[in-house]
Amino acid sequence: MASSSLTLPSISLHKQLPFNASSSDNSLRIRSLRPRNPDRSRVFMTGVSVGSQALVNDSLFSGYNPTSAFLFPGQGAQAVGMGKEAQNVPAAAELYKRANDILGFDLLDICINGPKEKLDSTVISQPAIYVTSLAAVELFRVRDGGQQIIDSVDVTCGLSLGEYTALAFAGAFSFEDGLKLVKLRGEAMQEAADAAKSAMVSVIGLDSEKVQQLCDAANQEVDEADKVQIANYLCPGNYAVSGGVKGVEAVEAKAKSFKARMTVRLAVAGAFHTSFMEPAVSRLEAALAATEITTPKIPVISNVDAQPHADPDTIKKILALQVTSPVQWETTVKTLLTKGLKKSYELGPGKVIAGIVKRMDKSAVIENVGA
């Protein structure tokens, strides 16, 4: 994606706390801290602005050098019982109360008590994971040395839905605005899935080139409406394929002949990250246009192109594209590790991301922080 031609008149590097859920007026804010380690990848926007938005060069973060990362999970990480531990920390518990007002139902009750079928639905699981992941940040904050580690985080990213969590953590939008977007995203994706029969399947044990060949072979046997594509490049040996039900069935039938170890049909509403989600884009674009998004305080790596973006308008376009574009998670993790990432933390339910990181580099240091 082309970078914005807009330029940032004046930038000074500061250490900042990206996500903060505590303040005297009971609202979510971004707190600035004293400048430290000015070579880090943080920015503090100053200088000329047009309207309320400073002019930003989208490639501002292109030379980032990660040392400590916060990684956030996507749909599929949910599990009944999540959020229970968060109730022991007031700032974390408060997030669920705020969420109830926005969502119009008791999110915490579904997170803790289920039933599983309800929690697994797209419209529930997406806001549930978003809130629980940010609640995990608050649990992490109060533990011994937690705030110091949060201050040292210099890059963040999330898997699909998790990109919204990462942007909230990095201060690109408020907790509430992010939750409104996630709520609408889940509803729009569910509606798109209901409009056409589609599915997703994980193909285990093949490299991406072989999986593409498998998709090509399956596509030769189905109509245009049932064609499939790689929708999620998770890690070597694990790629998700999305498309029409008949196309997915063809992939499953042919997988063994391509020497795949196994296929696993995913319990999702439909073919996420393909053109099947096109009906969701216009609703998402309208919601993003009405949402105030600012330059993140630290780089947030996009799922669409595995690059960090600084320009708010570009971020909005990327988020709208994300639902119909393959997730470039493998490239994202590989780039972070190649650039010298020393330690990462998976915040939220499940341990999917930690498993992926370890699969790509057994020596990688990653810690799970649940809520």
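Residues numbered from 1 in each chain as written. Predicted model: local features only at pLDDT ≥ 70, side-chain atom pairs only at ≥ 80, totals over all residues. Heavy atoms only, no water.

### Brief notes about the overall build of the chain
Here's step 1: Along the chain, the regular secondary structure elements total 13 helices and 15 strands.
Here's step 2: Classification of the 371 residues of the chain by burial places 54% in the buried group.
Here's step 3: Considering only contacts in the chain between residues 6 or more positions apart, those separated by 24 or more positions represent 77%. (Helix = DSSP H or I, 4+ residues; strand = E, 2+ residues; numbered from the N terminus. Buried < 20%, exposed > 50% of the residue type's maximum accessible area, 1.4 Å probe, protein only. Contact = heavy atoms within 4.5 Å.)

### Some details on the packing of helix 1 (residues 90-103) against helix 7 (residues 175-195)
Here's step 1: Closest axis-to-axis distance for the helix 1/helix 7 pair is 10 Å, and the angle between their directions is 50°. With respect to each other, helix 1 and helix 7 are oriented oblique. Taken as a pair, helix 1 and helix 7 cross one another with a handedness that is right-handed. On helix 7, the residues touching Leu95, Arg98, Ala99, Ile102 and Leu103 of helix 1 are Phe175, Glu176, Leu179, Lys180 and Lys183. (Axes fitted to C-alpha atoms, helices over the stretch in contact; angles between N-to-C directions. Parallel < 35°, antiparallel > 145°, perpendicular 65-115°, else oblique. Left-handed = near helix turned anticlockwise from the far one by under 90°.)

### A word on the environment of Glu85
Here's step 1: Tracing the backbone shows Glu85 in the loop between strand 7 (68-72) and helix 1.
Here's step 2: With 51 residues separating them in the primary sequence, Glu85 and Ala136 have C-alpha atoms 9.0 Å apart.
Here's step 3: Residues in contact with Glu85, not counting those within four places in the same chain, are Leu139, Gly370 and Ala371.

### Section: the sheet that holds strand 8 (residues 155-158)
Two orientations exist for strands paired in a sheet by backbone hydrogen bonds: parallel and antiparallel.
Here's step 1: Reading across the sheet, the 5 strands line up as 13-8-7-14-15 and stay open at both edges, with parallel pairing between neighbours. Whereas interior strands pair on both sides, the edge strands pair on one side only; in this sheet they are strand 13 (300-301) and strand 15 (366-369).
Here's step 2: As judged from the 2 bridges shared by strand 8 and strand 13, these two strands associate in the parallel manner. Residue Thr156 lies in a different strand from strand 13, and its bridge partner there is Val300.
Here's step 3: Packed on one face of the sheet, helix 6 (residues 162-169) meets strand 7, strand 8 and strand 13 and runs near 150° to strand 8.
Here's step 4: Here helix 13 (residues 352-360) sits on the sheet in contact with strand 7, strand 14 (343-347) and strand 15, set at roughly 175° to strand 15. (Pairing = 2+ DSSP bridges.)

### As for the nonpolar core
Here's step 1: The biggest cluster of nonpolar side chains holds 67 residues, and the ones touching the most others in it are Phe70, Tyr130, Val131, Phe169 and Leu347.
Here's step 2: For this core, the element with the highest residue contribution is helix 4 (residues 122-142), accounting for 11 residues.
Here's step 3: Ignoring sequence-local partners within four residues, the contact set of Tyr130 consists of Leu161, Tyr164, Thr165, Ala168, Phe173, Ser174, Phe175, Gly178, Leu179 and Val182.
Here's step 4: In terms of nonpolar packing, the next biggest core, distinct from the first, is built from 20 residues, Ala354, Ile356, Val357 and Ala364 among them. (Core = buried A, V, L, I, M, F, W, Y, C linked by side-chain atoms within 4.5 Å.)

### Concerning the pairing of strand 9 (residues 198-204)
The side chains of a regular strand alternate, first on one face of the sheet and then on the other.
Here's step 1: When you tally the buried positions in strand 9, you get 7 out of 7 residues, the bulk of the element.
Here's step 2: Side chains Ser198, Met200, Ser202 and Ile204 of strand 9 all project onto a buried face; the interleaved residues Ala199, Val201 and Val203 project onto the opposite face, where all are buried too.
Here's step 3: Where strand 9 meets strand 12 (residues 262-265), 4 bridges bridge the pair, whose relative direction is antiparallel. The residue bridging Ile204 from the neighbouring strand is Met262, located in strand 12.

### Side note on the confidence of the model for the chain
Here's step 1: With 85% of its residues at a pLDDT of 70 or more, the chain has an overall mean of 88.
Here's step 2: This stretch, residues 1-18, has a pLDDT under 50; its non-local contacts, to residues over four places away or in other chains, come to 77 contacts.
Here's step 3: Within the model, pLDDT remains below 50 along residues 43-53, and this stretch shows 30 contacts once partners closer than five positions in the same chain are excluded. (pLDDT = per-residue confidence, 0-100.)

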